[in-house]
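Architecture and fold: a report
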Amino acid sequence: MPETSDTVRPEAEPDYDRLLRANLERVFNERDAGKRAAALAELFVDEPVLYEPADIVRGQAAIAALAGRLLDQFGPTFRFTPVGPAVGHHGLGSLQWQAGPDGGPVAVTGADVAEVVGGRIARLWVLLNPPGP
């Protein structure tokens, strides 16, 4: 497409796949609270917002606590696993995932959709797929 006076050149795109996979592995699969907090500080902006179906969670500490509660609730082998690569452009990225006990049946599937600002997650929507038949 030829460049015109109306064309805006976007800044370099973040690595959505690296960022959203790191969020799954280092935040939502991390059982050590200190490591989880360090990952949040690296991967998220200072005041992020997470939107889940039943709640809105504000701040790194609250998101860390939510991730810890999920892991505690679902047991010691529960894990989130990415399904395919993340995709994104213009500051919005999406990663499909599935979750369940390690080596066990898939309990839930969904997607994380993130607004990325300055290479870090500013807002994260957790979208759950309806249960299968």
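Whatever comes next refers back to the structure up there.
Conventions adopted
Residues numbered from 1 in each chain as written. Predicted model: local features only at pLDDT ≥ 70, side-chain atom pairs only at ≥ 80, totals over all residues. Heavy atoms only, no water. Helix = DSSP H or I, 4+ residues; strand = E, 2+ residues; numbered from the N terminus. Contact = heavy atoms within 4.5 Å. Axes fitted to C-alpha atoms, helices over the stretch in contact; angles between N-to-C directions. Parallel < 35°, antiparallel > 145°, perpendicular 65-115°, else oblique. Left-handed = near helix turned anticlockwise from the far one by under 90°. Buried < 20%, exposed > 50% of the residue type's maximum accessible area, 1.4 Å probe, protein only. Arc of directions from axis to C-beta. Polar contact = N/O pair within 3.5 Å; in protein donor to acceptor, adjacent residues only side chain to side chain.

**Quick notes on the side chain of Gln-60**
Within the secondary structure, Gln-60 is located in helix α3 (residues 60–74). Not counting residues up to four positions away in its chain, the partners in contact with Gln-60 are Leu-40, Ala-41, Phe-44, Val-45, Asp-46, Pro-48 and Arg-120.

**With respect to the packing of helix α2 (residues 33–43) against α3**
At a minimum axis separation of 10 Å, α2 and α3 run at an interaxial angle of 135 degrees. Here α3 runs oblique to α2, going by the angle between their axes. The handedness of the crossing between α2 and α3 is right-handed. Of the residues in α3, those touching α2 at Arg-36, Leu-40 and Ala-41 are Gln-60, Ile-63, Ala-64, Ala-67, Gly-68 and Leu-71.

**Observations concerning α2**
Of all the residues in α2, the buried ones are Arg-36, Ala-39, Leu-40 and Leu-43. What you see down the axis of α2 is that its buried residues fit within an arc of 100 degrees, all on one side. Its buried side turned inward, α2 meets α1 (16–28), β1 (44–52), α3 and β7 (120–128). Its side-chain oxygen 3.0 Å from the backbone nitrogen of Gly-34, Asp-32 forms the N-cap of α2.

Keep in mind these numbers describe shape, not what the thing actually does.
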